[in-house]
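Chain by chain, the residues run as shown.
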Amino acid sequence: MAIKIKDKRKIMKNPMKQVFLNKLILSIDVGSSGSSLFKSTKLLKKISLQYPAFGMAKRTVKTFSIRRGEYISSFCSLSKKKGVLFLYKILKLKNFTINESNFSLTSTFGLGINDHLELGFNFDQKIGIYGLNIIGDLSRRGYRIKFKKRAKSKIGFRHRIFKKSSIEWYLSEYKQFFDLYNEENQFNYA
């Protein structure tokens, strides 16, 4: 029995071209150092269950009273499975909808939450309420070549991830949840 040409293409699909979530970066940008920055790091530690790092200001901005080299934000990155689970949790809050403008021209996308209480945490008077930035980084097999120490090389044009392929990845991974979520939350007025 001969295999049809369309079926051959599906069988011979290149595994190197598969797009996956490399990491998810959670950040809270406070804009000043001091007690508010340490409160935000406590919150990130509570959310991600790992120790966050601090981000420094690149230049002095007098209007915001920020000095160069001052710590102004905290962030941490969630890899592989942990990142996928957290992204599912965030997308559930957003009803599994992301605007096209949330995807960059390269392999990243970003989301935001106005307050962390939406994630299911109770209000803590010592910490307060903070917003959360979520940045997802997509990758393919072979992307490691640009980060290697020895024999470092560029990623070829045909192997890069662009906006179209990152949107296709999102639709293939989370479209089913979007459809299920809308079916569950439809109201029957009949």
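Look up: the structure comes first, before these words.
No experiment lies behind these values; they were computed from the predicted model shown. (Residues numbered from 1 in each chain as written. Predicted model: local features only at pLDDT ≥ 70, side-chain atom pairs only at ≥ 80, totals over all residues. Heavy atoms only, no water.)

## Focus on the nonpolar core
- The biggest cluster of nonpolar side chains holds 32 residues, and the ones touching the most others in it are F86, L87, L132, I134 and W169.
- Once residues lying within four places of it in the same chain are set aside, the contact partners of W169 are V19, F20, L21, L87, F109, L138 and Y174. (Core = buried A, V, L, I, M, F, W, Y, C linked by side-chain atoms within 4.5 Å. Buried < 20%, exposed > 50% of the residue type's maximum accessible area, 1.4 Å probe, protein only. Contact = heavy atoms within 4.5 Å.)

## What about the sheet that holds strand β4 (residues 108-113)?
- The strand order across the open sheet built from five strands is β2-β3-β1-β5-β4, with neighbouring strands paired in antiparallel fashion. Every other strand in the sheet has two partners, leaving β2 (53-56) and β4 as the edge strands with one partner each. Going from strand to strand, the sheet's axes swing by 30° on average, the running direction of each strand aside.
- Sheet topology places strand β1 (residues 20-29) next to strand β3 (residues 71-79); seven bridges connect them, and they run antiparallel. (Pairing = 2+ DSSP bridges. Helix = DSSP H or I, 4+ residues; strand = E, 2+ residues; numbered from the N terminus. Axes fitted to C-alpha atoms, helices over the stretch in contact; angles between N-to-C directions.)

## Some words on a nonpolar patch on the surface
- A contiguous nonpolar patch, built from F38, F54, M56 and Y71 and spanning about 420 Å² of accessible area, is present on the exposed surface.
- Considering the arrangement of structural elements, one finds Y71 in strand β3. (Patch = residues over 30% accessible without salt bridge, like charges linked within 9 Å, V, L, I, M, F, W, Y side chains within 5 Å. Areas by Shrake-Rupley, 256 points an atom, 1.4 Å probe, with all protein chains shown as cover. Salt bridge = Lys/Arg side-chain N within 4 Å of Asp/Glu carboxyl O.)

## Let's talk about the environment of L24
- Position of L24 among the secondary structure elements: in strand β1.
- Among the residues examined, L24 registers a relative accessible area of 0% and is labelled buried.
- Along the sequence, L24 and G136 sit 112 residues apart, while their C-alpha atoms lie 4.5 Å from each other.
- The residues contacting L24, other than those within four sequence positions of it, are C76, S77, L78, G83, F86, L87, I134, I135 and G136.

## Things to note about the pairing of β4
- Burial along β4 is one-sided: F109, L111 and I113 are buried, and none of T108, G110 and G112, which face the opposite way, are.
- Bridging between β4 and strand β5 (residues 132-139) involves six bridges; their strand directions are antiparallel. Following the sheet pairing, F109 is matched in β5 by G136.

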